[in-house]
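Below are the chains, spelled out letter by letter.
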Amino acid sequence: MSAEDNKPLLTVRGAKTYYGNIIALKGVDIDVNRGEIVTLIGANGAGKSTLMMTICGNPRAREGSIVYDGQDITRLPTHEIARLRIAQSPEGRRIFPRMTVLENLQMGASIDNMEFFDTDIQYMFDLFPRLKERINQRGGTLSGGEQQMLAIARALMARPKLLMLDEPSLGLAPLIVKQIFDAIRELNRKDGLTVFLVEQNAFHALKLAHRGYVMVNGVITMSGSGRELLENPEVRAAYLEGGAH
Amino acid sequence: MNSAVKTNERAGIDFGRALKDGVIVGIIAFALLGPLVGLKTEQNMSNELIVQNRLGLAAILSVIVGVGRFLLSAFIYPRIAARGNRSKAAATLAELEARAKLTQGLSIVGLIFLFVYPLLIISLFGVQGSIKWVDNYGVQILIYVMLGWGLNIVIGLAGLLDLGYVAFYAVGAYSYSLLAINFHLSFWVLLPIAGMLAAFWGIILGFPVLRLRGDYLAIVTLAFGEIIRLVLINWKAFSGGSAGISSIPKVTMFGIYSFDVSAPNNFAKAFHLAASSAYYKVFLYYIILMLALLTAFITLRLRRLPIGRAWEALREDEVACRSLGINTTNTKLTAFAIGAMFGGFAGSFFAARQGFVSPESFVFMESAVIVAIVVLGGMGSMIGVALAAVAMIGGTELLRELDFLKAVFGNDFNPDQYRMLIFGLAMVGIMVWKPRGFVSARQPTAFLFKRKTVSGDLVKEGHG
Amino acid sequence: MTTSLRNWDSDPVLAVEHLTMRFGGLVAVNDLSFSVGRGDITALIGPNGAGKTTVFNCITGFYKPTTGMMSMRPRDGSLHLLERMPDFVVARKAKVARTFQNIRLFSGMTLLENLLVAQHNPLMIASGMTFLGVLGIGGYKTKEREAIERARYWLDKIGLIGRADDPAGDLPYGAQRRLEIARAMCTGPDLLCLDEPAAGLNPRESAELNALLLSIRKDDGTSILLIEHDMSVVMGISDHVVVLEYGTKIADGTPTETRNDPRVIAAYLGVDDEEVEEIEQELDVVTGSEEGRA
């Protein structure tokens, strides 16, 4: 995180989102600065994934504003938001089950930078050798964890400015989780990739992130640097320690 | 937490934008209407085609379209959007409950109304005048209510999209006709037999299509419906071909009274009433009402039994069902069979009522209408399906009465021809307004503390 | 226990022998043999794509294995060869219940209804295969009440009794996982197969899951076979760990044995699985000083 471009890339203010008649986000404010890794932690059902989906415009925030790179994207259709080089690996993976691994990755690559395709795909295969082994297999026949890798790789293929990952560690073997988190750190350090990370694995996430937010029942209750939150006794009790009842 | 820095302004009316919309739409309308309406070819006295210039009319119409669009953009759309937001936010659980209560109240009132309906009509229009209202509206609608409820088991509960339901209706109708004519059996004996035969054909159809899902299931069931119809047309020795079967015996009042004019125990004669077919129609009305209520009663009971829950679970997730030890093959077959049985009942009633059956009555359009009733009503909801049947069948019947439109469009205007057009538009409209049908919420079949209505958003539609 | 014959060898509830599963040219599971001890909690672990879920699908009858034998011995002493049974018979007769990696609840049905659907087979018999039930004769009402009581017991156990009449789709993720376990238990299984039950749970919820699984074993005597990546679950409660890689077994033993197995560390755990402790130490060091983070 270099100090000079410490301007917010993404600003969410007072975002309220509903699912039908149920309010999921009750006015959320967050900032993600350029070149930062920001994590959002919280219990299941707190609204973390909803916030991520709201940023992508599906569902739309009924109130509040979402500004990305100086542009108000609150009312933009999802596909136009994606064109602003926000990539996400959503909850439930959402890979294309009848397309091969290679085709899935091709779908992820944005059209305007095809010259990077070969290098990018090589990088994905270095990151996830498993995907290379499965290159011509249909997405739907991959195991759960492999699909997760594919979803992350597909998001990375877009060469995003803002990468949003919803529980990248879900269903992955400890070794792979480590590799993914290392890769995120590396991409951030080398290319200045901005990352917004939703994680259940609060310990790893906070360790990786520059800053973090804690969400409870659709409201941000705490924020601070990753280390501050790691040390915070409340956070530790609620999200880090399992043994104590 | 500071208040929202920027909120999108969506209050206030954007007249500039609305005006732009209106002008653009007006221009498009003129571009289309200019050649379509503005130029008309006519034959003159010497049989030559001449072009009549009616651009003025086209311009007037275009202005109307443009102004209409302006009004929509300026007033109607913002209001709809605002209401959409509000109603979504306000449709709380309490509202769902209230809606469920309303539906319940509605069904009781509806039930009472159904029982007194023929009497009401007779008192209003007299015995002879009641025929149209009891037969064309009452009986006709109730047949479709029953068919809708029968198909509701297959589509609404089990989530299997069956586009060939009319086949079972045909099986019921032909079973009754053929058995009644050849073996001189009474309607009351043949009714269960027709139902059983239809159920048997339901199982026959069920077996090959069980592995299919979604679109494939729909296509095969559609084909099945057509096969039955084509067999009926071509197997002349059996079914009389496209000429059909006529002089099918009427229903008797359990053998005590007959409705045949020549019969010694004729109902009207026995009670010294003026001869009229109205009595038979009223009698038929009560039969189909009882049959429909029987369907409803059994369906409601089945929903509370393990088989009904298994159907709904099947609609929600078939794989999970299998992991819980449910034999999904049998479960699907029972859904097909029971749905088909009710179709068969309705079919034999139909044959007895018409006195004549031919393959013409069992075209794909019939299946489509029944499926539309189920979808429109809200899959799985009894009251919704009933309302949809009233709207669709009653509505199309009502459109026959639109003679007053002749005053507007001239004497050669035939409202009947526009029935399907208006009907289609109404369907599109309703599906936009209520995409999950009239009643989308689901009533749980069991509860521990309190019966809470399940919002339609969570209920799955099945994958075939 | 470690000295002589282990429980899973002496009294297996399920014995998998030479199981192979091919999909076209792809060998997902290759000549796999292992046993699940009666009353044990057995963990099946391994890298992603190692074939763990495929093994589950073979055991529960969703896949027909290419070759191999799987013999299941429920408490009643009967013997069932799972490879010969269709999926629903595996659940009904061989008493094997399962959950799914991507939760498969009946989301439009209430929690109670979900648990009643799980008791379909006994209730079906009680309703006289529906015929008597429709007419309202026979003892269906009492049997249904019993089924509801059983559902109430499980809802209580998973802490969701207050939401009994809410639709399952409205529950938060962690609660859905618990409900799916309760639903599987309502079939009265002898072997409960859980596919990543702790995925997406936070450490606190994982700990609750551990407690639930231990109490299931204690109160119901159900043997548990689980696939899991959360080491706090695997190492915390399991008696027996089987490690797969590329469809082949690379380790089989107690948690302590497997976690120290160099092959398991290389293939699966990564270099340091004692990471938590390491980080805590690091934290203690960092809190004092003000040095910038890496």
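This one's a predicted model, so the numbers in the text were calculated from it and none came from an experiment. (Residues numbered from 1 in each chain as written. Chains lettered and ligands numbered in written order. Predicted model: local features only at pLDDT ≥ 70, side-chain atom pairs only at ≥ 80, totals over all residues. Heavy atoms only, no water.)

1. Regarding the interface of chain B and chain C
- With 34 residues of chain B at the interface, the matching set in chain C holds 43 residues.
- Here chain B packs against chain C, burying approximately 3,400 Å² in sum over the two surfaces, 64% of which is carbon and sulfur.
- It is Arg309(B), Leu324(B) and Leu448(B) in chain B that bury the most area against chain C; as a group they hold 20% of the surface buried on that side.
- Inspection of the region where chain B meets chain C yields five salt bridges.
- One salt bridge connects Asp317(B) with Arg104(C), and the closest N-O pair in it is separated by 2.9 Å.
- Of all the secondary-structure elements, those providing two or more residues to the side of chain B that touches chain C are α9 (278-304), α10 (306-316) and α11 (318-323) of chain B.
- Here the side of chain B that touches chain C takes seven residues from α10(B), the largest share from any one element.
- Grouping the constituent residues of the side of chain B that touches chain C by class yields 19 nonpolar, four polar and 11 charged. (Contact = heavy atoms within 4.5 Å. Buried area = accessible area lost by both parts, 1.4 Å probe. Salt bridge = Lys/Arg side-chain N within 4 Å of Asp/Glu carboxyl O. Helix = DSSP H or I, 4+ residues; strand = E, 2+ residues; numbered from the N terminus. Nonpolar A, V, L, I, M, F, W, Y, C, P; charged D, E, K, R; others polar.)

2. Regarding the environment of Ile233(B)
All names here are of chain B.
- Position of Ile233 among the secondary structure elements: in helix α6 (residues 214-234).
- Ile233 gets classed as partly exposed once you look at its relative accessible area, which sits at 22%.
- With 10 residues separating them in the primary sequence, Ile233 and Ala243 have C-alpha atoms 8.3 Å apart.
- Dropping the residues within four chain positions of it, Ile233 is found in contact with Gly241, Ser242 and Pro359. (Buried < 20%, exposed > 50% of the residue type's maximum accessible area, 1.4 Å probe, protein only.)

3. With respect to the domain arrangement of chain A
All names here are of chain A.
- The domains assigned to chain A are domain 1 (1-85 + 160-245) and domain 2 (92-158).
- Using only C-alpha atoms to locate each centre, domain 1 and domain 2 end up separated by 23 Å.
- With 16 residues of domain 1 in contact, the opposing surface of domain 2 contributes 11 residues.
- Of the roughly 1,100 Å² buried between domain 1 and domain 2, counting both surfaces, carbon and sulfur atoms make up 71%.
- Where domain 1 meets domain 2, there are zero salt bridges.
- Seen at the junction of domain 1 and domain 2, the total is one residue pair in polar contact (both at pLDDT 80 or more).
- Looking at the side of domain 1 that touches domain 2, the elements with two or more residues in it are β7 (162-166) and α7 (174-191).
- Broken down by element, the residue count for the side of domain 1 that touches domain 2 peaks at five residues, all from α7. (Domains from an automatic or database assignment. Polar contact = N/O pair within 3.5 Å; in protein donor to acceptor, adjacent residues only side chain to side chain.)

4. A look at the sheet that holds strand β2 (residues 22-33) of chain A
Residues and elements named next belong to chain A.
- Pairing is antiparallel in the open sheet, where four strands are placed in the order β2-β1-β4-β5. Of all strands in the sheet, those with a lone pairing partner are β2 and β5 (71-72), marking the two edges.
- When strand β1 (residues 8-19) meets β2, the two strands line up antiparallel, connected through nine bridges. Across the sheet, the residue bridging to Leu10 is Val32, located in β2. (Pairing = 2+ DSSP bridges.)

5. What to know about α6(B)
All names here are of chain B.
- With 21 residues, α6 extends 31 Å from end C-alpha to end C-alpha; this agrees with the ideal 30 Å at 1.5 Å per step.
- Every buried residue of α6 is listed here: Gly214, Leu217, Ala218, Thr221, Phe224, Gly225, Ile228, Arg229 and Leu232. The buried side chains of α6 occupy one side of the element, clustering within an arc of 125 degrees when seen end-on. Turned more than 90 degrees away from the buried face of α6, the exposed residues are Asp215, Tyr216, Ile219 and Asn234.
- Elements in contact with the buried residues of α6: α4 (166-183), α5 (187-209), α7 (236-239) and α12 (328-354). (Expected span 1.5 Å × (residues − 1). Arc of directions from axis to C-beta.)

6. Quick look at the sheet that holds strand β3 (residues 41-45) of chain C
Residue and element names in this part refer to chain C.
- As summarised here, the arrangement of the six strands in space is β6-β7-β8-β3-β9-β10, forming an open sheet in which the pairing is mixed. Each of the sheet's edge strands pairs with one partner strand only, and the pair in question is β6 (96-98) and β10 (248-253). Between one strand axis and the next, the sheet turns by 20 degrees as a mean value, whatever way the strands run.
- With five bridges joining them, strand β7 (residues 191-195) and strand β8 (residues 223-227) adopt parallel strand pairing. Along β8, the bridge assignment pairs Leu192 with Ile224.
- Together, β6 and β7 form the strand contacts of helix α8 (residues 173-185), whose direction differs from that of β7 by roughly 155 degrees. (Axes fitted to C-alpha atoms, helices over the stretch in contact; angles between N-to-C directions.)

7. Focus on the pairing of strand β2 (residues 49-53) of chain B
All names here are of chain B.
- By the criterion of burial, β2 is predominantly exposed, with just zero of the five residues buried.
- Note: strand β1 (residues 39-43) against β2, five bridges, orientation antiparallel. Counted as the bridge partner of Lys40 is Gln52 from β2.

8. Focus on the packing of α5(B) against α12(B)
Residues and elements named next belong to chain B.
- Contact pair α5 / α12: the axes reach a minimum separation of 7 Å and the direction vectors enclose 140 degrees. It follows from the interaxial angle that α5 and α12 lie oblique. Here the hand of the crossing between α5 and α12 comes out right-handed.
- Looking at the contact of α5 with α12, its residues break down into 18 nonpolar, five polar and no charged. (Parallel < 35°, antiparallel > 145°, perpendicular 65-115°, else oblique. Left-handed = near helix turned anticlockwise from the far one by under 90°.)

9. A closer look at the packing of aromatic side chains
- Using the criterion set out here, one finds 19 aromatic pairs over all chains in the structure.
- Centroid distance Tyr176(B) to Phe187(B): 5.4 Å. Interplanar angle 80 degrees. Geometry classified as edge-to-face. With Tyr176(B) in helix α4 and Phe187(B) in helix α5, this residue pair connects regions lying 11 residues apart in the sequence. There is no split in this pair, since Tyr176(B) and Phe187(B) are both buried.
- When the ring of Trp235(B) is compared with that of Phe238(B), the centres are 4.5 Å apart and the planes differ by 25 degrees; the resulting orientation is stacked.
- Judged by its relative accessible area of 48%, Trp235(B) falls in the partly exposed class.
- Above the face of the Phe62(C) ring, Arg98(C) is positioned so that its terminal group lies 5.3 Å from the ring centre. (Phe/Tyr/Trp six-rings, centres within 6.5 Å; stacked < 30°, edge-to-face > 60°. Lys NZ or Arg CZ within 6 Å of the ring centre and 35° of its normal.)

10. Remarks on the confidence of the model for chain C
All names here are of chain C.
- In this model, chain C carries a mean pLDDT of 87, and residues with pLDDT of at least 70 account for 90%.
- Counting contacts from residues 279-294, a segment whose pLDDT is below 50, to residues more than four positions away or on other chains yields 13 contacts.
- This complex was scored by the predictor with a pTM of 0.82 and an ipTM of 0.87. (pLDDT = per-residue confidence, 0-100.)

11. Points about unusual backbone geometry
- Omega for the bond connecting Asn58(A) with Pro59(A) falls within 30 degrees of zero, at 5 degrees, which places this linkage in the cis form.
- Phi is positive for Ser247(B), which is not a glycine, with a value near 40 degrees.
- Structurally, Ser247(B) can be placed in the loop between α7 and α8 (267-270).

12. Digging into the pattern of salt bridges
- Inspection of every chain in the model, using the stated rule, returns 37 salt bridges over all chains.
- Ionic pairing is found between Arg309(B) and Glu144(C), a salt bridge with its closest N-O pair at 2.7 Å. Residue Arg309(B) is found in helix α10, and its partner Glu144(C) is found in helix α7 (residues 140-157); the two belong to separate chains. In this pair, the class of Arg309(B) matches that of Glu144(C), namely buried.
- Here Lys157(C) ties to Asp220(C) by a salt bridge, and the two come within 3.7 Å at their closest N and O atoms. Taken as a pair, Lys157(C) in helix α7 and Asp220(C) in helix α9 (residues 203-220) lie far apart in primary sequence, 63 residues in all.
- Residues joined by salt bridges that share partners form a network here, namely Arg303(B), Glu312(B), Arg315(B), Glu316(B), Arg442(B) and Glu113(C).

13. Details of the packing of helix α13 (residues 364-377) of chain B against helix α16 (residues 419-433) of chain B
Residue and element names in this part refer to chain B.
- Between α13 and α16, whose axes approach to 12 Å, the crossing angle comes to 30 degrees. Overall, the two elements α13 and α16 adopt an arrangement that is roughly parallel. You can see that α13 and α16 cross each other, and the crossing is left-handed. Only Met420, Met427, Ile430 and Met431 of α16 make contact with α13, whose side of the interface consists of Met365, Ala372, Val375 and Leu376.
- The class makeup of the residues in the contact of α13 with α16 is eight nonpolar, no polar and no charged.

14. So, the environment of Ile307(B)
- Mapped onto the elements, Ile307(B) comes out in helix α10.
- Residue Ile307(B) is classed as buried on the basis of its relative accessible area of 4%.
- On a C-alpha basis, the gap between Ile307(B) and Ser175(B) in space is 28 Å, while along the polypeptide they are 132 residues apart.
- Beyond its immediate sequence surroundings of up to four residues, Ile307(B) is in contact with Leu302(B), Thr331(B), Thr334(B), His120(C), Met124(C) and Thr130(C).

15. A closer look at the side chain of Asp40(C)
- Inspection of the secondary structure assignment puts Asp40(C) in the loop between β2 (26-37) and β3.
- Sequence-distant contacts of Asp40(C), defined by excluding residues within four places in its chain, comprise Asn7(C), Trp8(C), Arg217(C), Ser223(C), Ile224(C) and Asp239(C).

16. A few points about a nonpolar patch on the surface
All names here are of chain B.
- A cluster of nonpolar side chains, contributed by Ile108, Leu111, Ile112, Phe113, Phe115, Val116, Leu119, Leu120, Leu124, Phe125 and Met290, occupies part of the molecular surface with about 1,000 Å² of accessible area.
- When residues in the nonpolar patch are grouped by element, the largest group, 10 residues, is from helix α3 (residues 93-157).
- On the secondary structure map, Phe115 appears in helix α3. (Patch = residues over 30% accessible without salt bridge, like charges linked within 9 Å, V, L, I, M, F, W, Y side chains within 5 Å. Areas by Shrake-Rupley, 256 points an atom, 1.4 Å probe, with all protein chains shown as cover.)

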